[in-house]
Amino acid sequence: MPRRERRAQLLESALQVFVAQGYHAAAMDDIAERAGVSKPVLYQHFPGKLDLYLALLDTSCDTIIDNCREALESTDDNKRRVEATMDVFYSYVAQDTGAFRLVFESDLTSEPAVREQVDRVTRECASLIAGVIEDDTGLPAEASRLLAVSLVGMAQVSARFWLTEAGGISRDDAGSLVAGLAWRGIGGYPRTDDARPDDH
C-alpha cells in the first residue's frame, strides 16, 4: 500500500479507537490491530500515540475552520451566513465518525499541544466571523471579536447539548432554532452601508 494511503488508513483506525476509548485508555496495540498492521508499521508513520492523536486533531480542527470559512463565503446575506455557520457545527457533531469528541470532549486538554489545537477552532472561526461583523457594522475590532466568540461558543455548546440531551429535535430544526436566536441578537447591530431592508 502506498505510504499516503497507509497513513490515511492508520488515521481512520486511530480515530475509531480514540473516539471509542478516549486518549488515555487507547493503546497503540489496539490501533495497529484495528488497522490490520503490525506495531512497527504503525510506528514507521507515527513515533508515538500523542503524534497520532495530534495528527487527527489537526485534521479535525482544519475541517471545522474550513467549513466555517466556506459558510461565510457562501452568501452575502448575513441571516443566511448565520444559518450556514450554525449548520457547520451541527453537521460536524452529527457525523458518524464521532470526530468532534477529539475537538470538543478531549480527555487530553492538559497537554499544551492539544489545548492549542482545540483553542484554534474557537480563535480562527471567531476571527473569520469577526471580520464580517466589523466590516458590516463598523464596530471596533475588539467588540466584533467578542461578539464572534460568543456566536462560536453558542454554536459549539448548543450542538453538543443537542446531540446528547435533545435527541427529539431533528438536526435541521435544532440548527434553525439556534440560528434564529443568534440572528435575532447579531441582526440587531445595524449595517453601516446602504443595506437592503431585509438585512436588518
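The chain is annotated in an unreviewed UniProt entry as TetR/AcrR family transcriptional regulator of Nocardioides acrostichi.

A. Looking closely at the pattern of salt bridges. One pass over the full model with this rule turns up 16 salt bridges. For Asp62, the salt bridge identified is with Arg120, shortest N-O distance 3.0 Å. Linking Asp62 in helix α4 (residues 49-73) with Arg120 in helix α7 (residues 112-137), this pair joins segments that are 58 residues apart in sequence. When its relative accessible area of 29% is taken as the criterion, Asp62 is described as partly exposed.

B. Geometry of empty space enclosed by the protein. One pass over the full model with this rule turns up one cavity of 30 Å³ or more. In this model, the largest cavity occupies a volume close to 310 Å³. For the largest cavity, the lining is made up of 21 residues, of which Asn78, Val82, Ile133, Leu151 and Ile186 are closest to its centre. Looking at the lining of the largest cavity, the elements that each hand over two or more residues are α5 (78-94), α7, α8 (141-165) and α9 (171-186). When its residues are assigned to classes, the lining of the largest cavity shows 13 nonpolar, four polar and four charged.

C. Region of interest: the side chain of Asp77. Here Asp77 shows up in the loop between α4 and α5. Looking at Asp77, the relative accessible area reads 11%, which means it is buried. In this structure the side chain of Asp77 is engaged in a polar contact, spanning 3.1 Å, whose partner is the backbone nitrogen of Arg80.

D. Fine view of the environment of Leu146. Along the chain, Leu146 turns up in helix α8. Overall, the relative accessible area of 58% leaves Leu146 in the exposed class.

E. Quick look at the packing of α8 against α9. It is at 11 Å that the axes of α8 and α9 come closest, and there the two elements cross at 160°. With respect to α9, the axis of α8 lies roughly antiparallel. Here α8 runs over α9; the crossing is right-handed. Every residue of α9 that contacts α8 at Leu147, Leu151, Met154, Ser158 and Trp162 is listed here: Arg171, Ala174, Val178, Leu181, Ala182 and Ile186. Looking at side-chain class alone, the contact of α8 with α9 contains nine nonpolar, one polar and one charged residues.

F. Representation of the UniProt feature "domain: HTH tetR-type" (unreviewed entry) in the chain. In the UniProt entry, the feature "domain: HTH tetR-type" (unreviewed entry) is given for residues 4-64. As annotated, residues 4-64 comprises 87% helix and 0% strand, and the C-alpha atoms at either end are separated by 22 Å.

Criteria and cut-off values
Residues numbered from 1 in each chain as written. Predicted model: local features only at pLDDT ≥ 70, side-chain atom pairs only at ≥ 80, totals over all residues. Heavy atoms only, no water. Salt bridge = Lys/Arg side-chain N within 4 Å of Asp/Glu carboxyl O. Helix = DSSP H or I, 4+ residues; strand = E, 2+ residues; numbered from the N terminus. Buried < 20%, exposed > 50% of the residue type's maximum accessible area, 1.4 Å probe, protein only. 1 Å grid on protein atoms, 1.4 Å probe; cavity = no way out; pocket = protein on both sides within 12 Å on 5 of 7 lines; lining within 4 Å. Points joined across faces, edges and corners; volume = space filled by probe spheres on them. Nonpolar A, V, L, I, M, F, W, Y, C, P; charged D, E, K, R; others polar. Polar contact = N/O pair within 3.5 Å; in protein donor to acceptor, adjacent residues only side chain to side chain. Axes fitted to C-alpha atoms, helices over the stretch in contact; angles between N-to-C directions. Parallel < 35°, antiparallel > 145°, perpendicular 65-115°, else oblique. Left-handed = near helix turned anticlockwise from the far one by under 90°. Contact = heavy atoms within 4.5 Å. UniProt positions renumbered as here; feature names shortened; annotations may be inferred.

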